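Structural description and commentary
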There are 2 protein chains.
Amino acid sequence: MHTRTVFFISDGTGITAETFGNAILAQFDIKPRHVRLPFIDTEDKAHQAVRRINHTAELEGKKPIVFTTLVNMSVLRIIQENCQGMLLDMFGTFIRPLEGELGIKSLHRVGRFADVSLSKEYTDRIEAINFSLDHDDGQSHRDLNGADVILVGVSRSGKTPTSLYLAMQCGLKVANYPLIPEDFERRQLPPALEPHRKKIFGLTILPERLSQIRNERRPGSKYADLANCRHEVAEAEAMMRRSGIRWLSTTTKSIEEIATTILQEVRPERLVY
Amino acid sequence: MHTRTVFFISDGTGITAETFGNAILAQFDIKPRHVRLPFIDTEDKAHQAVRRINHTAELEGKKPIVFTTLVNMSVLRIIQENCQGMLLDMFGTFIRPLEGELGIKSLHRVGRFADVSLSKEYTDRIEAINFSLDHDDGQSHRDLNGADVILVGVSRSGKTPTSLYLAMQCGLKVANYPLIPEDFERRQLPPALEPHRKKIFGLTILPERLSQIRNERRPGSKYADLANCRHEVAEAEAMMRRSGIRWLSTTTKSIEEIATTILQEVRPERLVY
């Protein structure tokens, strides 16, 4: 059971507050209750938030932890002056010294995710998601020139979640192609991919884990059979080695770690890294 | 042209460092160059990072801004003692006071995204992505009992990106159904959805914006025609109103804002909000 509540307060979605707060809380061996209070953009809502926090403090007999990313100073002040929680003001803490170093004032602009929906960056991101869906699982060979990254690997090696993550979070157009028995027999990459070799990245996986994942989808099938998985993985790895394609094993990696490694290796031109 | 470089240094993917750093930088009217330095997990790599930062400092004649989320103290110390950038140590700043409040020591555990790939939470998330893909665009009526959220709306109102975001970031199983002329003629929701009304959330959009988006996909089609878009949107909104379904307009909202509002309204049981 939780014995401590953590609040995430923001003028906007609260996603930044929660992302950062979760990263910090992961450093402690506790399982607190999470309460996200998004869109706290008026003094009225600030007072409501204070009441909730102080009520929780009384009930639990412990200070709630309160992460805030508030940029509206009158809202922030109400929380600061009245809340009985432990306040961790993420913006204030870093923005003041940055104003000094940069020699300019901060904008007090609400939320990174507000007012972006008509921006070029945002429409590019939606387009990247659509591209990646249209090019999932080898569905389309069209417009591969437009792809930033092309993932290859056996079925269920992690291509689809990785493609969608790169599209959603980095705005990259990612196509993905399964490597299948026909490719192994021909001992070559799918021909449509040959001209785009520089953008190709391979995913592989331990056969034992692959068999387990496939068995959840199609129990007892040849597709999921360990011997078959061993064969497919060995063929795919041999092909990637022969073709000089960079690859990694996804077996113990999260989508975020896979995506980060791909970005480091492929270095898509459109990213300013 | 950029005149300042920002580094994001992490023992892990650097995603937390960059998410938070971007949110802070969005408060300033500058366009810095971004350099993410992930997986800095040895003293050797720390020295390499320092050399890069100091080289940049010399070239630009300005202190680079350096966001770190390092938890390995010997790595952090090397950066602190040698780097000529402005160091913003996001973890250290908040973890020390939290140790005091919580009365326990922090774990110095690397990266929220490391060693998670075999956890229940992580496999649930992958399953949520697969569910949402399988239930995209009304493809399947199966297993709607297992859905956490069901989105409805006319084609291109934002259902697919929102579904995938909720799956990827919140681990929710999200089905989405287009509202089509047959539904409008019948003046009822798709029959398969009726038993799940509590989980349904509607997306709508301004006809002018919808027509613009559809024209990018199918220029000059009846599908994209403004009069047709007006008709579809009016029918869809009337139907949602009649059925007592909660809905919002996505016209000027980002995926993050749409998702946050849906979570507040639907409050899926599986989330601990």
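Residues numbered from 1 in each chain as written. Chains lettered and ligands numbered in written order. Predicted model: local features only at pLDDT ≥ 70, side-chain atom pairs only at ≥ 80, totals over all residues. Heavy atoms only, no water.

**Structural notes on the UniProt feature "binding site: ADP" (unreviewed entry) in chain A**
All names here are of chain A. UniProt's feature table lists "binding site: ADP" (unreviewed entry) at G153, V154, S155, R156, S157, G158, K159 and T160, given in the numbering used throughout. Residues contacting S157, with those up to four places away along its chain left out, are L203, T204, I205 and T250. With respect to the helices and strands, G158 occurs in the loop between strand 5 (149-153) and helix 6 (159-170). A relative accessible area of 21% means that G158 is categorised as partly exposed. (UniProt positions renumbered as here; feature names shortened; annotations may be inferred. Contact = heavy atoms within 4.5 Å. Helix = DSSP H or I, 4+ residues; strand = E, 2+ residues; numbered from the N terminus. Buried < 20%, exposed > 50% of the residue type's maximum accessible area, 1.4 Å probe, protein only.)

**Some points on the interface of chain A and chain B**
Each partner contributes to the interface: chain A provides 80 residues, whereas chain B provides 80 residues. Each partner contributes to the roughly 7300 Å² buried at the junction of chain A and chain B, and carbon and sulfur atoms together form 67% of this total. Applying the counting rule to chain A against chain B returns six salt bridges. Counting every contact that joins chain A to chain B gives 17 residue pairs in polar contact (both at pLDDT 80 or more). With 10 residues, the top contributor of residues to the side of chain A that touches chain B is helix 4 (residues 90-102) of chain A. (Buried area = accessible area lost by both parts, 1.4 Å probe. Salt bridge = Lys/Arg side-chain N within 4 Å of Asp/Glu carboxyl O. Polar contact = N/O pair within 3.5 Å; in protein donor to acceptor, adjacent residues only side chain to side chain.)

**Topic: the relation of the copies chain A and chain B**
Rotating chain A by 180° about the axis while translating it 0.0 Å along that axis superimposes it on chain B, leaving an RMSD of 0.0 Å. Here the symmetry operator amounts to a two-fold rotation axis. Using C-alpha coordinates, one finds that chain A approaches the rotation axis most closely at A:F20, a distance of 3.2 Å. Taken together, the interface assignments show that 100% of the residues at the interface of chain A recur at the interface of chain B, consistent with an identical surface on both copies. (Least-squares fit on C-alpha atoms with pLDDT ≥ 70 in both.)

**A look at helix 2 (residues 43-60) of chain A**
Relative to the 26 Å expected for 18 residues at 1.5 Å per residue, helix 2 of chain A spans 26 Å between its end C-alpha atoms, a close match to the ideal helical length. Contacts made by the buried residues of helix 2 of chain A are with strand 1 (5-9), strand 2 (33-37), strand 3 (65-68) and helix 3 (73-82) of chain A. (Expected span 1.5 Å × (residues − 1).)

**Thoughts on the domain arrangement of chain A**
Segmentation of chain A into domains returns domain 1 (4-102) and domain 2 (119-271). Once you take the C-alpha centre of each, domain 1 of chain A and domain 2 of chain A turn out to be 39 Å apart. (Domains from an automatic or database assignment.)

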